[in-house]
Each structure stands twice: as C-alpha cells, then as structure tokens.
Amino acid sequence: MKKMTVIILCIAVAVCVCGCLSRREGVTREFLSEQDAAENMLEELIKCTEEGDTESFMDLFSDYSRNSQPELEEQIREMMDFYEGKMENYQGNASSHEKSEYGSTVYSELKAHYTVITDKDNYEIAFQYRMIDAEDPDQEGLVSFEIATEEAYQQDDFKWMCEDNPGVYVQR
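This structure is a prediction, so every number in the text was calculated from the model and none was measured. (Residues numbered from 1 in each chain as written. Predicted model: local features only at pLDDT ≥ 70, side-chain atom pairs only at ≥ 80, totals over all residues. Heavy atoms only, no water.)

### Concerning the sheet that holds strand E2 (residues 104-118)
Spatially, E1-E2-E3-E4-E5 is the arrangement adopted by the 5 strands of the open sheet, whose pairing is mixed. Only two strands of the sheet have a single partner each, and these edge strands are strand E1 (87-101) and strand E5 (167-171). Strand-to-strand, the axes of this sheet are offset by a mean angle of 10°, without reference to chain direction. Here E1 runs beside E2; their pairing, made up of 14 bridges, is antiparallel. Looking across to E2, one finds that Ser 96 is bridged to Leu 110. Strands E1, E2, strand E3 (122-133) and strand E4 (141-149) of the sheet are contacted by helix H3 (residues 34-51), whose axis makes an angle of about 130° with E1. Against the sheet, helix H6 (residues 72-82) contacts E3, E4 and E5, and its axis sits at roughly 35° relative to E5. (Pairing = 2+ DSSP bridges. Helix = DSSP H or I, 4+ residues; strand = E, 2+ residues; numbered from the N terminus. Axes fitted to C-alpha atoms, helices over the stretch in contact; angles between N-to-C directions. Contact = heavy atoms within 4.5 Å.)

### Points about the pattern of salt bridges
Counted according to the given criterion, the structure contains 8 salt bridges. Each of Lys 99, Glu 101 and Glu 135 takes part in salt bridges that share partners, so that together they form one network. (Salt bridge = Lys/Arg side-chain N within 4 Å of Asp/Glu carboxyl O.)

### Description of the side chain of Asp 133
Here Asp 133 lies in strand E3. A distance of 3.0 Å separates a polar side-chain atom of Asp 133 from the backbone nitrogen of Asp 136. Not counting residues within four places of it along the chain, the set of residues in contact with Asp 133 comprises Val 106, Tyr 107, Gln 139 and Glu 140. (Polar contact = N/O pair within 3.5 Å; in protein donor to acceptor, adjacent residues only side chain to side chain.)

The structure is reproduced here in structure tokens:
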C-alpha cells in the first residue's frame, strides 16, 4: 500500500510540473516580480533605441496602442534621434495595478519611472506596460513611453504626458 501511495504521489507531482512547464510564458508573466518585469522592459526598450531598431521597438507596443496612435513610428524615430549615448546605469522603480477574479489574474499593468545614465547624458524615462489583459488581449504590451532630459524633468511645471495616452513622447 505504501508503494502504491508513493507511486501515485510521484505521478501527481510529475503531472503538475509538466502542466506548469507547458505554460511557461504565462507562468513567467504572472509570477515575475513587477520590478523585474519593468527592468526587463526598460532594458529591451533601451536596446532597441541604441540599435536604432524602430521595428522591434514598435513590436513592444500592444496592438491597441499601435492602432490608436497613427504617428507611432514617427514618434519612435524622433525619440531615437533625441536619445544619445550608450546606457551605463539606471535606477528607478515600478508600481503595479492588478485585477483578479476567482484566483486568476485578469489584468496586470505596470507604471515605471527610471533615471537612465548614458555616457553622454542623463534621462528620465517613464512607461506604462500592460502585462496581462485577459478581457482584451489586444491591449497587452507597451501602452506608452516617455523620455525627458534632466533639465525638463526638474522644471516646477513638469508633468508626464504618457499616462493612459498611447504613443512615444519626448520632453526637451
């Protein structure tokens, strides 16, 4: 009887593990810390920017954002022309907003703000990233991205334009 219980337990564990592994992307997205997810997105955004890869940058946006902002490609090019140097360091944080129903995440969004230090200048970067939207998957992806110079960010009347506003924004 003990052997049978051990065998059944081993089979149950194997089935559970295999089930989770087959959903690797979903498991990763749901269990990645908000800070890790934001830093991964920031690093990908900077990589695309430094390589001048407009197409890959655009692919990070949700279908909804790409369709809502007809000038997105032009905005990305303008931002890439504005950004100078190679990233040496960054620091910042992210906050998340999440909705769950019956134990499943239905909606998860990050709002992040980072100071990016390059070998030529320092920038303030903010972005909004919807990791999960089970009710409207076309909204999954980057919603908006904004970059500002340190000088612009330090102004008393500075205000981020990107929140809930699809597109790429530059403040000089």
